[in-house]
Amino acid sequence: MGAARPRRWRFPFQRSAPSSPSSKSLPPAPYSPARSAAAAYPEPERRWAQQEEEAAPPEFVCPLSGALMADPVILPSGQTYERACLQACAELSFLPPGAGSGSDAMIPNSALKAAIGSWCARSGRASPRPPSKEAVREAVLRAMPPAAAAAAEAKSVRTRRAAMASSSNSSYSSPASAASTSTYTSSSEITPPEEDAAAKPVKEAAKEVELPVDPLEDEVVATVMDADEDGEVAAALAVLRDATRESAERRLALCTPRLLAALRRVLLIPRHASARIDATAALVNLSLEPANKVRIVRAGAVPALVEVLRSGGSAPEAREHAAGALFGLALNEENRAAIGVLGAVPPLLDLLTSPAHHPRARRDAGMAIYHLSLAAVNQSKVARFPGASKALLSVASSAAEPTPIRRLALMVICNVGACSEGRASLMDAGAVAAVSGILLCPHDDSTRVTLAELEEWCVAAIYALSRGSLRFRGLARAAGADRALRRVAEEGTPGGVRREMARKTLRAMRGDLDEEADLTSSSLECGDGEDCGGSIVSDGLMSFRRRQREVGASSCGNTAEF
């Protein structure tokens, strides 16, 4: 028999809870997304939710609940949240961080929801489920400032007590007491909450403006859902396309969630490829009405239009109508961030910069990108897209391209140059030399009109690149931009926008401007410049851009019915 093995003792490493009432309690831990994730799920799933929070990509996690989003929605500001969290914020009168003033417009983020589902499938995890209302409420209360959270909790307690008191009074009321209370009102009568009283007139007004149901809606929806042959669907959509040309009232009546869902189905299912032309044309016609623009985006039509642009099996006319529909939707400022988040920028850039496509399709794509790039969130998307800056500069510099297409490329370049990331991307692609080359290009009588149309946008592009960039001086001197700008400053109309921009840019090249006050505080940083202050030149450029946008919307807009 060998020697006995030494006995090993095992000690538990879990610290037991203090049993003595005199033991000191730890201070409450600060708010963290992991705690919110634990609170947003039932007790058996909290450990699993914390593991998901540690491994999940940040863009898949709701900033309020800290858990994977089951139903992500986009706000006009570009922020994405869990729908249940935003509903809880509305009930508590709380504006979530980065939501802006238009937090009531929630657009489903179908692309992000699909990405979350794919990630869960690849990692072997279950798809996220919507959290409970109570858990979401607690998560939002933790995210609120302490004073606002206490006020909201107190108001909720008063509301619950009022509801319980009213239910108890109604449960024990008799016919005699009901008759007596009908002629007498107590001074302690419980009044309904202010939110319900304020929401009642809104609901009644919504019922008053509700439009009658168009019989064509039921016919088209039934055909798309139940038809076995593609010919029947194509015939129904041809009738719908004709109906959307008739009048504004008909377009407003037909723009319903049911009909938009049917159009989305036609655009996404491959066997309905023959009906895509009429479906996209109907969307273009529906988007002519300002009241329909937000409805179409909220109904999830943007991912379907993006799929038409990307699909190699789509007919050229369908691509043209899809670009026109996105242009019409981008005219609404609230839609721009959502359209960019849903992936419309890359296919529109490809359509604009590819000479193989029809000029009309390229023009609609260019106008769509121009209006989308008025939003700061989309300026960075264009700047980050691989090869976008070089492609835009190639189109703007090519003499073989039509003048309207070259002008649209320069318009987008001016918008992208409004952000620091866009300026860096454009200068890396050689924008200063390319735009200066357009200004220095020798011209005769045949090309004088063309260069005159491009000159003001070239000056605006160089002016945008000069704002807040220390690299601009060396690049501009090497490209000979000073010669072109001197010519514009001497030949331009006194007090004109082009002349003032040229003179200001020349001063920036010489280093005469105060870079702290002039180069980094340009009104171009505000995107559209509607609420920006600044110098005479920046104000003139903003008014110049607004004037050009209005001209573009009237002459090149989707005002024609298809």
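Residues numbered from 1 in each chain as written. Predicted model: local features only at pLDDT ≥ 70, side-chain atom pairs only at ≥ 80, totals over all residues. Heavy atoms only, no water.

**Examining the overall build of the chain**
A tally of regular secondary structure across the chain gives 30 helices and 3 strands. In the chain, which comprises 562 residues, the proportion classed as buried is 45%. Here the contacts in the chain between residues at least 6 apart in sequence split such that 68% fall between residues at least 24 apart. Total accessible area on the chain is roughly 28900 Å²; 54% of this is exposed by carbon and sulfur atoms. (Helix = DSSP H or I, 4+ residues; strand = E, 2+ residues; numbered from the N terminus. Buried < 20%, exposed > 50% of the residue type's maximum accessible area, 1.4 Å probe, protein only. Contact = heavy atoms within 4.5 Å. Areas by Shrake-Rupley, 256 points an atom, 1.4 Å probe, with all protein chains shown as cover.)

**Quick look at the pattern of salt bridges**
Here the structure, examined in full by the defined rule, presents 16 salt bridges. Measuring nitrogen to oxygen at the nearest pair gives 2.9 Å for the salt bridge that ties aspartate 218 to arginine 258. With a gap of 40 residues between them, aspartate 218 in helix α9 (residues 215–226) and arginine 258 in helix α12 (residues 257–268) connect regions that are remote in the sequence. Relative accessible area serves as the criterion here: at 38%, aspartate 218 is assigned to the partly exposed category. Residue class for arginine 258 comes out partly exposed when judged on its relative accessible area of 41%. A salt bridge links arginine 362 to glutamate 401, with the nearest nitrogen and oxygen atoms 2.9 Å apart. (Salt bridge = Lys/Arg side-chain N within 4 Å of Asp/Glu carboxyl O.)

**Concerning the nonpolar core**
Within the largest apolar cluster, 104 residues are counted, with the highest numbers of intra-cluster contacts made by Leu237, Leu240 and Leu348. If you look at the next biggest cluster of nonpolar residues, it comprises 26 residues, including Phe60, Leu112, Ala149 and Ala152. (Core = buried A, V, L, I, M, F, W, Y, C linked by side-chain atoms within 4.5 Å.)

**Overview of a negative patch on the surface**
Together, Asp226, Asp228, Glu229 and Glu232 give the surface a local cluster of negative charge. Tracing the chain through its elements places aspartate 226 in helix α9. (Patch = residues over 30% accessible without salt bridge, like charges linked within 9 Å, V, L, I, M, F, W, Y side chains within 5 Å. Lys, Arg positive; Asp, Glu negative; His and termini not counted. Charge placed at Lys NZ, Arg CZ, Asp CG, Glu CD.)

**A short note on helix α20 (residues 376–384)**
Where α20 is concerned, the buried positions are Asn378, Gln379, Ser380, Val382 and Ala383. Of the surrounding secondary structure, the elements contacted by the buried residues of α20 are α17 (333–341), α18 (345–353), α19 (359–372), α21 (388–397), α22 (403–416) and α23 (420–428).

**Considering the UniProt feature "repeat: ARM" (unreviewed entry) in the chain**
Mapped onto this structure's residue numbering, the UniProt feature "repeat: ARM" (unreviewed entry) falls at residues 300–339 and 343–387. Helix makes up 80% of residues 300–339 and strand 0%, whereas the separation of the span's terminal C-alpha atoms amounts to 10 Å. (UniProt positions renumbered as here; feature names shortened; annotations may be inferred.)

**Some remarks on the packing of helix α14 (residues 290–298) against α17**
Closest axis-to-axis distance for the α14/α17 pair is 10 Å, and the angle between their directions is 20°. By the angle class used here, α14 and α17 are roughly parallel. Where α14 crosses over α17, the two elements pack in a sense that is left-handed. Two secondary-structure elements touch here, α14 through Lys293, Val294 and Val297 and α17 through Glu334, Asn335 and Ala338. When grouped by side-chain class, the residues that make up the contact of α14 with α17 number 3 nonpolar, 1 polar and 2 charged. (Axes fitted to C-alpha atoms, helices over the stretch in contact; angles between N-to-C directions. Parallel < 35°, antiparallel > 145°, perpendicular 65-115°, else oblique. Left-handed = near helix turned anticlockwise from the far one by under 90°. Nonpolar A, V, L, I, M, F, W, Y, C, P; charged D, E, K, R; others polar.)

**So, the sheet that holds strand β1 (residues 72–74)**
One key point about sheets: their strands pair by backbone hydrogen bonds, in either a parallel or an antiparallel sense. A sheet is described by the order of its strands in space; here 3 strands give the open sequence β2-β1-β3, paired in antiparallel fashion. Two strands close off the open sheet at either side, each with one partner strand: β2 (80–82) and β3 (107–108). With 3 bridges joining them, β1 and β2 adopt antiparallel strand pairing. Residue pairing in the sheet places isoleucine 74 in a bridge with threonine 80 of β2. (Pairing = 2+ DSSP bridges.)

**Considering the environment of proline 257**
Inspection of the secondary structure puts proline 257 in helix α12. In this structure the C-alpha to C-alpha distance between proline 257 and arginine 295, which are 38 residues apart in sequence, comes to 7.8 Å.

**As for the packing of aromatic side chains**
Given two aromatic rings, their pairing is described by the distance between the two centres and the angle made by the two planes. A complete count under the given rule lists 1 aromatic pair for this structure. Arranged with centres 6.2 Å apart and planes meeting at 70°, the rings of phenylalanine 60 and tryptophan 119 form a pair that is edge-to-face. Here the residue phenylalanine 60 occupies a position in the loop between α2 (46–55) and β1, and tryptophan 119 occupies one in helix α4 (residues 110–122), the gap between them amounting to 59 residues. Across the pair, tryptophan 119 and phenylalanine 60 agree in class, each one buried. (Phe/Tyr/Trp six-rings, centres within 6.5 Å; stacked < 30°, edge-to-face > 60°.)

**Thoughts on unusual backbone geometry**
We note that serine 93 has phi near 55°; this positive angle belongs to a residue other than glycine. Mapped onto the elements, serine 93 comes out in the loop between α3 (83–91) and β3.

**Quick notes on the side chain of serine 314**
Residue position: serine 314 is located in the loop between α15 (301–310) and α16 (316–330). A distance of 3.2 Å separates the side chain of serine 314 from the side chain of arginine 276, its partner in a polar contact. Of note is the side chain of serine 314, whose polar atom sits 2.9 Å from the backbone oxygen of valine 308. (Polar contact = N/O pair within 3.5 Å; in protein donor to acceptor, adjacent residues only side chain to side chain.)

**Side note on the side chain of glutamate 217**
Structurally, glutamate 217 can be placed in helix α9. Apart from the residues within four sequence positions on either side, glutamate 217 is in contact with Leu254, Thr256, Arg258 and Leu259.

**Here we look at the environment of alanine 502**
Counting through the fold element by element, alanine 502 comes out in helix α28 (residues 497–510). Here the alpha-carbon distance between alanine 502 and valine 459, two residues 43 residues apart in the chain, equals 6.5 Å. In this structure, alanine 502 is in contact with Val459, Leu485, Val488 and Ala489, ignoring residues within four places of it in sequence.

**Some remarks on the packing of α19 against α22**
Contact geometry for α19 and α22: axes closest at 9 Å, N-to-C directions at 15°. With respect to α22, the axis of α19 lies roughly parallel. For α19 against α22, the interelement crossing comes out left-handed. When α19 is examined against α22, the residues Pro359, Arg362, Arg363, Gly366, Met367, Ile369 and Tyr370 are found in contact with a partner set consisting of Ile405, Leu408, Met411, Val412 and Asn415. In terms of residue class, the contact of α19 with α22 is built from 8 nonpolar, 2 polar and 2 charged.

**Some words on the confidence of the model for the chain**
In this model, the chain carries an average pLDDT of 74, and 66% of its residues clear a pLDDT of 70 or more. Long-range and interchain partners of residues 14–41, a stretch whose pLDDT sits below 50, account for 35 contacts in this model, where long-range means more than four residues apart. Long-range and interchain partners of residues 168–209, a stretch whose pLDDT sits below 50, account for 5 contacts in this model, where long-range means more than four residues apart. (pLDDT = per-residue confidence, 0-100.)

**Points about the state of the cysteines**
Note on terminology: a disulfide is the covalent bond linking the sulfur atoms of two cysteines. Evaluation of the coordinates by the stated rule reveals 0 disulfides. Cysteine cysteine 62 remains unbridged, with the sulfur of cysteine 85 as its closest cysteine sulfur at 3.8 Å. (Disulfide = S-S within 2.5 Å.)

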